[in-house]
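So you can see what is in the structure, the chains are spelled out below.
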Amino acid sequence: MIKVAVVGLGWWGKIITEMLAASSRISVVAAVEPNEQEGKAFCKLNQLRYLSSYALALEQPDIDAVILTTPNRLHEEQIILAAQAGKHVFCEKPLALTAESALKAIHACVANDVRLGLGHERRFEPPTLQLRQLLRQGALGRLIQIEGNFSQNKFIGMDPSNWRLSKAEAGCGPMTATGIHLLNLAISLAGPALQVRAHNFNKITGFESGDSASAQLVFADGVVGSINAMLSTPFYSRFAVFGSEGWVEVRDNSHVEAPTGWTFSHCDKHGEITLRNIPAATPVRDNLEAFAASIDSGQQAYPISLQEMLDTTAALEAVQLSAERLGQIVTPGALDVQHRQIA
């Protein structure tokens, strides 16, 4: 059983803590929350040890790892401090807002021989695993295009000062909040993004970081993709992959915080379409348990590679730069060639 401290008891920190209560692989034993009253109340309710600071959490000898559900700007420093303290790190997405920042965090984990996990639960959803299997089997032929949309309106009503709405904290807000999950998934299937063209507008909400983003990408081997994200419409999530011999479309029935299943459509090379419903699962917990397994075994690889983490951050940074330049094409690798490879 891997023992962890959750750092940050906001919306998602509380959800992760509650989801892990049923895990047999990873146990939340402590939590860090700067709001002492709120933190102590939650810890008492969930029988956790309340810790007043991150430094104190890193000093605890019985804590194997930390789960960071903290503002984006803190990730790099917090990951480096944890790695230097010998603690494994699971970080909520995004790993960072720039490739340089992500690379520093990754190098710290490699140098200190600690595992790094990342909150991309889409990679652990049953329909995603089935899609990946079809691709491996060649059932879809040669990959041609990828389309995705992950939108929601959960941020409406937030205080305008919330870090999730800040351009400095959230970059290209819709893509950083939700679209990045599909960026990571696309990169895991098609390789790193080679070119990015993006737009981000404030259409409805007044959010400084924008509320309607769209990115067109060229991946390795000429695969093209379109990823869209909004923070101003009711929940919608769709991911589709098109190949020379078939296609797959996955639609979510509800947000991952309370999953109720998926609709999985598969068209084969003869044009025959099969449609099936996939029941609810626990991808958030599965991700964290895979992280725990990679720590516990010492040998088992965590399913999201460090290179994919870096490539995803580089693509996210390119989306923001392109949007700021009103749709100018940006090459993620041109940000700095050394960011493309992990030593």
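The structure this text deals with has already been given above.
Since the structure is predicted, the reported quantities are computational estimates derived from the model, not experimental observations.

Pairing in this open sheet of 8 strands is mixed, and the strands run β8-β9-β10-β7-β11-β12-β13-β14 from one edge to the other. For this open sheet the edge positions go to β8 (193-201) and β14 (273-278), each flanked by a neighbour on one side alone. Strand-to-strand twist of the sheet, defined as the mean angle between neighbouring strand axes without regard to direction, takes the value 10 degrees. By the bridge criterion, 7 bridges tie strand β9 (residues 212-219) to strand β10 (residues 224-230) in an arrangement that is antiparallel. Counterpart to Q216 in the pairing with β10 is S226. Running over the sheet, helix α8 (residues 173-190) touches β7 (143-151), β8, β9, β10 and β11 (236-243) and is turned about 155 degrees from β7. Where helix α10 (residues 306-324) meets the sheet, it contacts β8 and β9, and its direction lies at approximately 50 degrees from that of β8.

Below, the discussion takes up the sheet that holds strand β3 (residues 49-51). Strands pair in a sheet through their backbones, by hydrogen bonds, and they do so in one of two ways: parallel or antiparallel. In spatial order, the strands read β3-β2-β1-β4-β5-β6; together these 6 strands make up an open sheet with parallel pairing. Pairing within the sheet leaves two strands with one partner each, and these edge strands are β3 and β6 (116-118). If you compare each strand with its neighbour and ignore which way they point, the axes differ by 25 degrees on average. Looking at chain direction, strand β1 (residues 2-7) and strand β2 (residues 26-32) are connected through 6 bridges and run parallel. Counterpart to I2 in the pairing with β2 is I26. Here helix α9 (residues 283-297) sits on the sheet in contact with β1, β2, β4 (65-68), β5 (88-91) and β6, set at roughly 165 degrees to β5.

What follows concerns helix α6 (residues 126-137). Taking 1.5 Å as the rise per residue, α6 with 12 residues should run 16 Å; its terminal C-alpha atoms sit 17 Å apart, in good agreement. Buried residues of α6: P127, T128, L131, R132, L134 and L135, and no others. Buried residues along α6 cover an arc of 160 degrees about the axis, so they all sit on one side. Exposed residues on α6 whose side chains face more than 90 degrees from its buried face are R136 and Q137. Buried residues along α6 sit against β7, α8, β11, β12 (246-252), β13 (262-267) and β14. Note on α6: the residue one or two positions beyond its end, G138, has a positive phi of about 80 degrees.

Next up on the list: the side chain of S265. Turning to its location among the elements, S265 is positioned in strand β13. Those residues in contact with S265 that sit more than four places away from it in its chain are W247, V248, E249, T274 and L275.

Checked against the element boundaries, D62 lands in the loop between α3 (54-59) and β4. Considering only alpha carbons, one finds D62 and A5, 57 residues apart in sequence, at a separation of 10.0 Å. Aside from chain neighbours lying at most four places away, what touches D62 is K3 and R49. Side chain to side chain, D62 and R49 meet in a polar contact 2.6 Å long.

Between side chains of opposite charge, a pair can form as their charged atoms come close. Considering all chains together, one arrives at 15 salt bridges under this definition. Residue R122 pairs with E125 through a salt bridge whose shortest N-O separation is 3.0 Å. Salt bridges sharing partners connect three or more residues here, namely E147, R238, E249 and R251.

I79 and L95 are the most contacted members of the largest nonpolar core, which totals 60 residues. In terms of residue count, the dominant contributor to this core is helix α5 (residues 99-111) (7 residues). Filtering out sequence-adjacent residues up to four positions away, I79 remains in contact with L68, V89, C91, L95, A105, C109 and L116. Listed in part, the 40 residues of the second largest apolar core include I146, L183, V248 and L316.

Burial along β10 is one-sided: the face carrying G225, I227 and A229 is buried and the face carrying V224, S226, N228 and M230 is not. When β7 meets β10, the two strands line up parallel, connected through 5 bridges. Bridge pairing links E147 to S226 in β10. A loop of 4 residues connects β9 with β10, the two strands running antiparallel in sequence, and D221 in this loop sits at a positive phi of about 65 degrees.

Take unusual backbone geometry next. A negative phi holds for most residues other than glycine; trans holds for most peptide bonds. Cis geometry is found at the peptide bond from K93 to P94, where omega equals -5 degrees. Structurally, P94 is set in the loop between β5 and α5. The residue Q47 is not glycine, and still its phi comes out positive at about 55 degrees. Considering the arrangement of structural elements, one finds Q47 in the loop between α2 (36-45) and β3. A positive phi angle, close to 60 degrees, is found at L326, a residue other than glycine. According to the relative accessible area criterion, L326 is exposed, its value standing at 68%.

Another aspect to go through is α2. Taken together, the buried positions of α2 are G39, F42 and C43. Down the axis of α2, the buried side of the element spans an arc of 100 degrees, and every buried residue falls inside it. Residues of α2 that are exposed and angled more than 90 degrees away from the buried face: Q37, K44 and L45. In this structure, the buried side of α2 is in contact with α1 (11-19), β2 and β3. Q47 occupies a position one or two residues after α2 and carries a positive phi of about 55 degrees.

Definitions and cut-offs
Residues numbered from 1 in each chain as written. Predicted model: local features only at pLDDT ≥ 70, side-chain atom pairs only at ≥ 80, totals over all residues. Heavy atoms only, no water. Pairing = 2+ DSSP bridges. Helix = DSSP H or I, 4+ residues; strand = E, 2+ residues; numbered from the N terminus. Axes fitted to C-alpha atoms, helices over the stretch in contact; angles between N-to-C directions. Contact = heavy atoms within 4.5 Å. Expected span 1.5 Å × (residues − 1). Buried < 20%, exposed > 50% of the residue type's maximum accessible area, 1.4 Å probe, protein only. Arc of directions from axis to C-beta. Polar contact = N/O pair within 3.5 Å; in protein donor to acceptor, adjacent residues only side chain to side chain. Salt bridge = Lys/Arg side-chain N within 4 Å of Asp/Glu carboxyl O. Core = buried A, V, L, I, M, F, W, Y, C linked by side-chain atoms within 4.5 Å.

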